[in-house]
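Results of the structural survey
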Amino acid sequence: MMLLHSLRRSVRRTVGRLALTSVAGLLVAVGIGFLTAALWMLIAATHGAMMAATIIGGLYVGVGLIMMAVAMPSRSRHHHHHAPAVDPTALVLAQIAEGFVTGMRAGRATRR
């Protein structure tokens, strides 16, 4: 029963965090929209609509490329972890131990 209560509490926390993160993301997107409109008005008033479109488009492309570069896996970050070589002696000892335990269980089962 305790495990189920703990699971429910964990699910509630996760759903709450997901909801808050979603609302925060929506608010950030709306804010970026308003800031883009304000930047457009500022640049268009001083340099014209063509310059405003070029600057804002370049800004979005630049930020997008930077984000793609950060998200791409780097070759230097990838560390190939190879499984350690298994010592043949350890494997034989494990098989002997397993055989011993199996024999003990069989012996106990025949006594009953």
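Residues numbered from 1 in each chain as written. Predicted model: local features only at pLDDT ≥ 70, side-chain atom pairs only at ≥ 80, totals over all residues. Heavy atoms only, no water.

For the protein, an unreviewed UniProt entry supplies the name Phage holin family protein and the organism Donghicola mangrovi.

Observations regarding helix 1 (residues 2-47)
The following threshold applies: In this description a helix means any DSSP run of H or I spanning at least four residues, a strand means any run of E spanning at least two, and both kinds are numbered starting from the N terminus. Multiplying 1.5 Å by the residue count of a helix minus one yields the expected span of that helix.
The end-to-end C-alpha distance of helix 1, which contains 46 residues, comes to 66 Å, matching closely the 68 Å that a straight helix rising 1.5 Å per residue would cover. Where helix 1 ends, the next residue or the one after it, Gly 48, has phi of about 100°, a positive value.

Remarks on the environment of Ala 52
Heads up, the rule is: Any two residues having at least one pair of non-hydrogen atoms within 4.5 Å are treated as being in contact.
Following the sequence through the fold, Ala 52 ends up in helix 2 (residues 49-71). C-alpha separation for the pair Ala 52 and Thr 14, spaced 38 residues apart in sequence, amounts to 42 Å. If sequence neighbours within four positions are ignored, Ala 52 has contacts with Trp 40, Ile 43 and Ala 44.

Things to note about the packing of helix 1 against helix 2
Note the cut-off: Between N-to-C directions, angles span 0 to 180 degrees; the directions come from axes that are lines fitted to C-alpha atoms, helices contributing only their stretch in contact. The crossing is said to be left-handed when, going from far helix to near helix, the turn is anticlockwise and less than a right angle, and right-handed when the turn is clockwise. Asp, Glu, Lys and Arg are counted as charged, while Ala, Val, Leu, Ile, Met, Phe, Trp, Tyr, Cys and Pro are counted as nonpolar; the rest, among them Gly, fall into the polar class.
With their axes 7 Å apart at the nearest point, helix 1 and helix 2 run at an angle of 140° to one another. The handedness of the crossing between helix 1 and helix 2 comes out as right-handed. From helix 1, Ile 32, Thr 36, Leu 39, Trp 40, Ile 43, Ala 44 and His 47 reach across to helix 2, where they touch Ala 49, Met 51, Ala 52, Ala 53, Ile 55, Ile 56, Leu 59 and Tyr 60. Of the residues assigned to the contact of helix 1 with helix 2, the class counts are 13 nonpolar, two polar and no charged.

Re the environment of Ala 44
Using the following cut-off: Per-residue accessibility, obtained with a 1.4 Å probe over protein chains only, is compared with the maximum for each type, and a residue is labelled buried under 20%, exposed over 50%, and partly exposed between these values.
Assignment of secondary structure puts Ala 44 in helix 1. The exposure class assigned to Ala 44 is partly exposed, which follows from its relative accessible area of 27%.

Remarks on the confidence of the model for the protein
The cut-off we apply is this: On a range of 0 to 100, pLDDT expresses the predictor's confidence in each residue.
Within the protein, residue pLDDT values average 87, and 93% of them lie at 70 or more. Mean pLDDT per element in the protein: helix 3 (residues 88-111) is the minimum at 83, and helix 2 is the maximum at 94.

With respect to the layout of surface pockets
For clarity, the cut-off: Only protein atoms enter the 1 Å grid used here. Points where a 1.4 Å probe fits but cannot escape make up a cavity, open sets with protein on both sides within 12 Å along at least five of seven lines make up a pocket, and a residue lines them when an atom lies within 4 Å of a point. Grid points are joined across faces, edges and corners, and a volume is the space filled by probe spheres set on the points.
In this structure, the largest pocket encloses a volume near 160 Å³. Lining of the largest pocket is provided by Ile 32, Leu 35, Thr 36, Leu 39, Ile 56, Leu 59, Tyr 60 and Val 63. Mapped onto the lining of the largest pocket, the elements with two or more residues apiece are helix 1 and helix 2.

Things to note about the environment of Gly 107
Within the secondary structure, Gly 107 sits in helix 3. Gly 107 sits in the partly exposed class, given a relative accessible area of 28%. Each C-alpha atom of the pair Gly 107 and Leu 35 lies 79 Å from the other, and the pair is 72 residues apart in sequence.

Some words on the UniProt feature "transmembrane region" (unreviewed entry) in the protein
The cut-off we apply is this: UniProt positions are given in the numbering used here, feature names are shortened, and annotations may be inferred rather than shown by experiment.
With numbering aligned to this structure, UniProt lists the feature "transmembrane region" (unreviewed entry) at residues 20-43 and 49-71. Along residues 49-71 the backbone is 100% helical and 0% strand, and the end-to-end C-alpha distance reaches 33 Å.

Focus on a nonpolar patch on the surface
For the record, the criterion: Each patch is built from residues that are more than 30% exposed by relative accessible area and take part in no salt bridge. Like charges join if they lie within 9 Å; nonpolar side chains (Val, Leu, Ile, Met, Phe, Trp, Tyr) join within 5 Å. Method for areas: the Shrake-Rupley scheme with a 1.4 Å probe, in which residue coverage is limited to the protein chains shown. Salt-bridge detection follows one rule: a side-chain nitrogen of Lys or Arg within 4 Å of a carboxyl oxygen of Asp or Glu.
A surface patch of nonpolar side chains, about 350 Å² in accessible area, is lined by Leu 4, Leu 7, Val 11 and Val 15. For Leu 7, the location among the structural elements is in helix 1. Residue Leu 7 is classed as exposed on the basis of its relative accessible area of 51%.

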